[in-house]
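What follows is the residue order along each chain.
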Amino acid sequence: MSTFTIETAGVTDTGNVRPSNEDHYLAGGDLFAVADGMGGLGNGERASRLAIETLQEAFAEQPTALGLVEAVARANTAVDEAAAAESGPDDRPWGTTLAAVARVGSGDEDRLVVVNVGDSRVYLFRDGVLTRLSSDHSRVADLVRAGEISEAEAAEHPERHVLTLALGVGASVAPSVNHVRPQAGDRLLLCSDGLFNEVPSGEIAAALGSDGRPGDVADRLVAQAKANGGGDNVTVVVADVG
Ligand code: MG
């Protein structure tokens with residue numbers, strides 16, 4: 001018997017500035033994810049969609065922690081091969097971030113596994129405290145880890161969009177992996193950088209602490225990102241543990 005329930009909802013929006021939406025998300029089941037594509041000319045949109053579709057297909061075949069990591073590898077290969085087969089000579093490289101959470105195990109062993117590549121994030125909101133479960137793979141995250149700039153400076157840094165790892169740009173990829181033993185009342189947030197580059201973490205925490213179903217909270221966060229500028233595509237998945 002499962003030890004917890006999960007209710008998820010996702011919202012994606014082009015934002016106020018970008019001509020198209022290159023983000024995709026997956027919600028509604030025991031696997032949920034956000035992907036933020038790059039490449040332009042529709043290629044970023046194809047990359048993020050293909051990554052999510054491949055992840056879902058591969059994880060369904062092997063719904064374990066190892067299976068999730070291998071599903072990320074399959075998603076990488078799928079995007080890499082599609083880019084090689086379909087890119088025009090002048091196209092920019094295709095790529096996409098991917099942040100995903102899956103329920104694995106059975107009964108008392110149930111837990112959530114978190115994987116990410118790039119700078120889409122996974123947060124846990126528990127007992128009023130917001131913690132990040134994912135690790136950004138980006139130039140500014142390296143600078144923060146090295147103590148050269150603060151989190152606040154990273155959010156304003158001119159190179160904040162430069163990734164050090166993405167799906168579809170190399171033959172292999174090693175995602176960051178984390179595990180969490182969920183508790184009733186936990187709320188998880190998956191989001192693309194269009195959220196956290198616009199909405200400070202205090203405001204994110206306040207929205208996650210508000211009443212409402214996951215869909216209401218997701219709507220609130222996306223509206224806040226757009227009210228604060230909406231400079232990028234913004235995608236949010238909210239998952240409530242009961
Ligand atoms: Mg983005």
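All of the points below concern the structure found in this document. (Residues numbered from 1 in each chain as written. Predicted model: local features only at pLDDT ≥ 70, side-chain atom pairs only at ≥ 80, totals over all residues. Heavy atoms only, no water.)

### Side note on the packing of helix α6 (residues 201-208) against helix α7 (residues 214-227)
Okay, so step 1: For the pair α6 and α7, interaxial distance at closest approach is 9 Å and the crossing angle is 155 degrees. Here α6 lies roughly antiparallel to α7, going by the angle between them. Where α6 crosses over α7, the two elements pack in a sense that is right-handed. For the pair formed by α6 and α7, the contact residues are E203, I204, A207 and L208 on the first element and V217, R220, L221 and Q224 on the second.
Okay, so step 2: When its residues are assigned to classes, the contact of α6 with α7 shows five nonpolar, one polar and two charged. (Axes fitted to C-alpha atoms, helices over the stretch in contact; angles between N-to-C directions. Helix = DSSP H or I, 4+ residues; strand = E, 2+ residues; numbered from the N terminus. Parallel < 35°, antiparallel > 145°, perpendicular 65-115°, else oblique. Left-handed = near helix turned anticlockwise from the far one by under 90°. Contact = heavy atoms within 4.5 Å. Nonpolar A, V, L, I, M, F, W, Y, C, P; charged D, E, K, R; others polar.)

### Overview of the coordination of the magnesium ion
Okay, so step 1: Here the magnesium ion is held by the protein donor atoms D36 (OD), D193 (OD) and D232 (OD), which lie 2.1 to 2.3 Å from it.
Okay, so step 2: Going along the chain, you hit the donors of the magnesium ion in the pattern D-x156-D-x38-D. Separated by 39 residues along the polypeptide, D193 in helix α5 (residues 193-196) and D232 in the loop between α7 and β11 (234-241) bring together distant segments of the chain.
Okay, so step 3: You can call D193 buried: its relative accessible area is 4%.
Okay, so step 4: You can call D232 buried: its relative accessible area is 8%. (Donors = N, O, S within 2.8 Å, 3.2 Å for Na, K, Ca; no water. Buried < 20%, exposed > 50% of the residue type's maximum accessible area, 1.4 Å probe, protein only.)

### Notes on the packing of helix α1 (residues 43-61) against helix α2 (residues 65-86)
Okay, so step 1: Where α1 meets α2, the closest approach of the two axes is 8 Å, and the angle between their N-to-C directions is 140 degrees. Classed by the angle they form, the pair α1 and α2 counts as oblique. The handedness of the crossing between α1 and α2 comes out as right-handed. Contacts from R46, A47, L50, A51, T54, L55, E57, A58, F59 and E61 in α1 reach G67, L68, A71, V72, R74, A75, A78, V79, A82 and E86 in α2.

### Regarding α6
Okay, so step 1: Looking at α6, one finds that the buried residues are I204, A205, A207 and L208. Along α6, the residues classed as buried sweep out an arc of 160 degrees about the axis, all on the same side. Turned more than 90 degrees from where α6 packs its buried face, G202 and A206 sit exposed.
Okay, so step 2: Contacts made by the buried residues of α6 are with β7 (121-126), β8 (129-132), β10 (187-191), α5 and α7. (Arc of directions from axis to C-beta.)

### Describing the environment of V122
Okay, so step 1: Within the fold, V122 resides in strand β7.
Okay, so step 2: Sequence separation of V122 and A84 is 38 residues, and the distance between their C-alpha atoms is 30 Å.
Okay, so step 3: Contacts of V122, omitting those with residues within four sequence positions, involve A99, V101, V114, T131, R132, L133, S134, L188, L189 and L190.

### Regarding the side chain of R126
Okay, so step 1: Among the secondary structure elements, R126 is positioned in strand β7.
Okay, so step 2: Side-chain polar atoms of R126 contact the side chain of D186, separated by 2.7 Å.
Okay, so step 3: In contact with R126, not counting residues within four places along its chain, are V180, R181, P182, Q183 and D186. (Polar contact = N/O pair within 3.5 Å; in protein donor to acceptor, adjacent residues only side chain to side chain.)

### Overview of the sheet that holds β8
Okay, so step 1: Spatially, five strands are ordered β1-β11-β10-β7-β8 in an open sheet, and the strand pairing comes out antiparallel. At either margin of the open sheet sits one strand with a lone partner, and together these are β1 (6-13) and β8. When the angles between neighbouring strand axes are averaged without regard to direction, this sheet yields 20 degrees.
Okay, so step 2: Inspection of the sheet shows β7 paired to β8 by four bridges, in the antiparallel sense. Looking at the pairing, L124 lines up with T131 of β8. (Pairing = 2+ DSSP bridges.)

### Concerning the packing of aromatic side chains
Okay, so step 1: Tallied over the entire structure, the rule returns zero aromatic pairs.
Okay, so step 2: R103 extends its terminal NZ or CZ atom over the ring of F4, reaching a point 4.2 Å from the ring centre.
Okay, so step 3: Directly above the aromatic system of F196 lies the positively charged group of R121, at a separation of 3.6 Å from the ring centroid. (Phe/Tyr/Trp six-rings, centres within 6.5 Å; stacked < 30°, edge-to-face > 60°. Lys NZ or Arg CZ within 6 Å of the ring centre and 35° of its normal.)

Keep in mind these values describe shape, not function.
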